[in-house]
Amino acid sequence: MRSDAALQEMAVQALDSFQVEIPSWGFANTGTRFGKFLQAGAASTLEEKFSDAGQVHMLTGVTPTLALHVLWDLPNGVADSAVVHQMEDRYGVSAGSINPNLFQDQEYKFGSLCNPSIEIRERAISHMLDSVAIARELGSRDISLWLPDGSNYPGTQSMRRRIEWREEGLVRTHERLAPNQRLLVEYKPFEPAFYHTDIGDWGMASHLAMKAGPQARVLVDTGHHYATQNIEQIVAWLLHTNMLGGFHFNDRRYADDDLTLGSIDPYQIFRIFHEIQLSGPGLLPEIAFMIDQSHNLKGKMEAMVQTVATAQMLWLKAALVDREMLQQFQEKCDLVAAEELFRGAFWLDVRPLLGEWRQKRGLPGDPLAALAESGYVQRISNERGGKRAPVNSYA
Ligand code: LRH
Ligand code: MN
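This one's a predicted model, so the numbers in the text were calculated from it and none came from an experiment.

Draft legend 1. Layout of the nonpolar core. Among the nonpolar cores identified, the biggest contains 100 residues, and Leu68, Phe247, Phe273, Ile276 and Phe289 are the most heavily contacted of them. Residue contributions to this core peak at 10 residues, all from helix α10 (residues 300-319). Sequence-distant contacts of Ile276, defined by excluding residues within four places in its chain, comprise Val235, Leu239, Phe247, Leu284, Ile287, Phe289 and Trp315.

So, in structure tokens, the structure goes:
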């Protein structure tokens, strides 16, 4: 049995190595196709999104970067970089991954990089190249691509030809990457397309990333899997093939529900974190941890702080698995002993260890309570409440 001191030390190492990127769109008014419930404190400007992200980082200490979606956050493209730099200085968080928007323009009805029209494919490629240029200007490492492309009815599109067009688009994007930049390819089995999706699973994303070039990797959005899929096994394969670039963490009960991490199946995230930690700390800088959620009902600030705290807790629990002992039980096929040891770490109450780690770093022991005490949510609701946020489909 490990001493408390050893547990303490493991906790510190694990928590010191954990950071997670938060999404600008997590602070904006979002909804479903059935409606959107507006929040007075929702962020609608880039400044408001950076202000909220700065608050989350101040409360948790582990969210130094903010993911940006090009058309939502930098409508003027590279020209908006100067404003972003000002926000970074003012609110103490940096621009993180750059996410192209290839899903809202009318001409992308039948696809963007995979559209049968070469004119539309060229438009999509120039948006990808703009995104690379923005990332370069902002010093962002990752261009994180999600393509909604697909079709709704059998026989209506050539899935083979669309593969070639997509390969070409990603190869031409990869050619423009700076040496320190990466292209992350996100897969999703369905929605908004409901017959075929061009980048539908990890195999397709892996192939495309390998074809694009050495600086391309796969992005795993936990909500982009069929309910019966074993996500941690996919993660094990992507680690084994050195194709894992990062994650979009969220939770779901049915489909891409974008619910808060650990709200439905916290054990799922624990199992994923375990596979990552098996690869040792050396790999961590190569794996981008990001949140991708839409807070349609929960208060947006509360949901984001709760999510970060939950992620820290699950990361710490996974770090407390005695991996040597587990390997011995696995090799002896001592199933119950292995499961009891593995699941036992998940059942540990690590909140005291986490609270201590935070206080030692001048952070509030309970960031959610500190958020409530700060009055920040009330203040932004008063400041922003009057301004009705734009009502469009997603964010
Ligand atoms: C698509 C997705 C993608 C983002 C969007 C906000 O479902 O996961 O990562 O662009 O959500
Ligand atoms: Mn995502």
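Draft legend 2. Inspection of the coordination of the manganese ion (ligand 2) at higher detail. Looking at the metal site, the manganese ion (ligand 2) is ligated by Glu186 (OE), Asp221 (OD), His248 (ND1) and Asp292 (OD), spaced 2.1 to 2.2 Å from it. Around the manganese ion (ligand 2) sit six donor atoms; with metal-centred angles ranging over 72 to 169°, the donor geometry is octahedral. Linear spacing of the donor residues for the manganese ion (ligand 2) on their chain is E-x34-D-x26-H-x43-D. Placement of the pair is Glu186 in strand β6 (residues 182-186) and Asp221 in strand β8 (residues 216-221), with a sequence separation of 35 residues.

Draft legend 3. Layout of the packing of aromatic side chains. The full count for this structure, using the stated rule, is 21 aromatic pairs. When the centroid spacing of 6.0 Å and the interplanar angle of 45° are considered together, the rings of Trp202 and Trp237 count as tilted. Of this pair, Trp202 sits in helix α7 (residues 202-212) while Trp237 is found in helix α8 (residues 231-240), placing the two residues 35 residues apart along the sequence. Here Trp237 falls in the partly exposed class, since its relative accessible area comes to 45%. On the numbers, 5.8 Å between centres and 25° between planes, the contact of Phe273 with Phe289 is stacked. Remark: Phe289 occurs in strand β10 (residues 288-291) and Phe273 occurs in helix α9 (residues 266-278); sequence separation between them is 16 residues. Per residue, the accessibility class of Phe273 equals that of Phe289, and both read buried. Aromatic ring contacts, followed pair by pair, group Phe18, Phe247, Phe249, Phe273, Phe289 and Trp315 into a single cluster. Sitting over the ring of Tyr254, Arg253 keeps its end group 5.1 Å from the ring centre.

Draft legend 4. Summary view of the pairing of β10. The side-chain alternation of β10 yields two buried faces, one formed by Ala288 and Met290 and the other by Phe289 and Ile291. Here four bridges tie strand β9 (residues 244-249) to β10, and the two strands are oriented parallel to one another. Paired with Phe249 across the bridge in β10 is Ile291. Between the parallel pair β9 and β10, the chain is carried across by α9, and the sense of this crossover is right-handed.

About the cut-offs
Residues numbered from 1 in each chain as written. Chains lettered and ligands numbered in written order. Predicted model: local features only at pLDDT ≥ 70, side-chain atom pairs only at ≥ 80, totals over all residues. Heavy atoms only, no water. Core = buried A, V, L, I, M, F, W, Y, C linked by side-chain atoms within 4.5 Å. Buried < 20%, exposed > 50% of the residue type's maximum accessible area, 1.4 Å probe, protein only. Helix = DSSP H or I, 4+ residues; strand = E, 2+ residues; numbered from the N terminus. Contact = heavy atoms within 4.5 Å. Donors = N, O, S within 2.8 Å, 3.2 Å for Na, K, Ca; no water. Tetrahedral: all angles 85-135°; square planar, octahedral: opposite > 155°, others 65-115°. Phe/Tyr/Trp six-rings, centres within 6.5 Å; stacked < 30°, edge-to-face > 60°. Lys NZ or Arg CZ within 6 Å of the ring centre and 35° of its normal. Pairing = 2+ DSSP bridges. Right-handed = clockwise from strand over helix to strand, strands pointing away.

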